[in-house]
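# Structural overview
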Amino acid sequence: MWIIKVLVDLKRIAAYICPFCSNISTKSISVFNFSGDKKINLICPTHGCHEVCASITPKHSKYKIDIECPLCGGKHSYTVSKETFWQKPLISYKCPSSGIDTFFAGEPRKVEHALDEYSDIYSDILEDFEEIMHEDPFNLLYAMIERLHILQDKHLLSCICNSEDIDLDVENGSIVMRCVHCGRTKKIEVSEDSLLRVLNTNAIIIGN
C-alpha cells in the first residue's frame, strides 16, 4: 500500500508561460522522466512555436529550474531539493523584476488554482504588451531584433550557402538580414504581423 502511495505522490504538474507566443501551458511530470539524471525541457505546444520555455535538471539531491521569463525577457535560475519538489503541494517562482509568479509546479488542483488566481494579471500584462507594440513602432522593431538574435544564438538563422555569419540592419522600415559570406539578403517589414511570424518561426534561411 505504501509503495502505491509513493508512486501516486511522485507525479506533478508544471505550468509555465511561453516568452515567445505568451501561451500558458501545463505538463505532467513523473519521477521516471528524470531516469538517468535526464533533463526535462518544457516546450510550448503551440503550433509553429515549440520553443523551450523552461527546463528542469537533476543536480545530485536537487533540481535546477531554468525559466525563460515571459515578462522581463531574461533567464532566471532556481534550485529546489528533490524532496521539496515531490512533497510540497505547490511551488512557484517569480520574475525578480516584476514580482509576478511565472512558473508553478505541484499537485494538479493546486497548480490550476494558482493559474486561476493569476489569469486576470496575465491577461492585463498581455493586453498592455499588445497596446505598447501597437502604439510604438520602436518596440516592434526591438522585439523583432531580439527574436532574431535568439534564433542566431540557437544557430537557427543562416543562409542557403550554409553560412551562419549574418548581419542585421534596419533600412526604410524593414529589418535587413545580410549574409556576410555571399551577400544574399532577406528583408522583413517591421509590423505586428511580421513580429508574430518571427515569434512563431522555428528557423530562417536567407535565400529560401
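Residues numbered from 1 in each chain as written. Predicted model: local features only at pLDDT ≥ 70, side-chain atom pairs only at ≥ 80, totals over all residues. Heavy atoms only, no water.

With that settled, consider the confidence of the model for the protein. Detail in the predicted coordinates should be disregarded across regions flagged by low pLDDT. Here the protein averages 84 in pLDDT, and 86% of its residues register 70 or above. Here residues 1-8 scores under 50 on pLDDT; set against residues more than four positions off or in separate chains, the count is one contact. (pLDDT = per-residue confidence, 0-100. Contact = heavy atoms within 4.5 Å.)

A complete count under the given rule lists seven aromatic pairs for this structure. A centroid spacing of 4.5 Å and a plane angle of 20° characterise the contact between Tyr78 and Tyr93, whose relative ring orientation is stacked. Separated by 15 residues along the polypeptide, Tyr78 in strand E6 (residues 75-81) and Tyr93 in strand E7 (residues 90-94) bring together distant segments of the chain. For the pair shown, Tyr78 and Tyr93 are each scored as buried. Through successive ring pairs, a cluster of aromatic residues spans Phe34, Tyr63, Phe85 and Trp86. (Phe/Tyr/Trp six-rings, centres within 6.5 Å; stacked < 30°, edge-to-face > 60°. Helix = DSSP H or I, 4+ residues; strand = E, 2+ residues; numbered from the N terminus. Buried < 20%, exposed > 50% of the residue type's maximum accessible area, 1.4 Å probe, protein only.)

This paragraph deals with the environment of Pro70. Tracing the backbone shows Pro70 in the loop between strand E5 (62-68) and E6. Residue classification places Pro70 among the partly exposed residues on the basis of a relative accessible area of 24%. Put simply, Pro70 and Cys95 are 25 residues apart on the chain and 8.7 Å apart in space, counted from C-alpha to C-alpha. For Pro70, the residues in contact, after removing those within four places along its chain, are Ile17, Cys18, Pro19 and Thr102.

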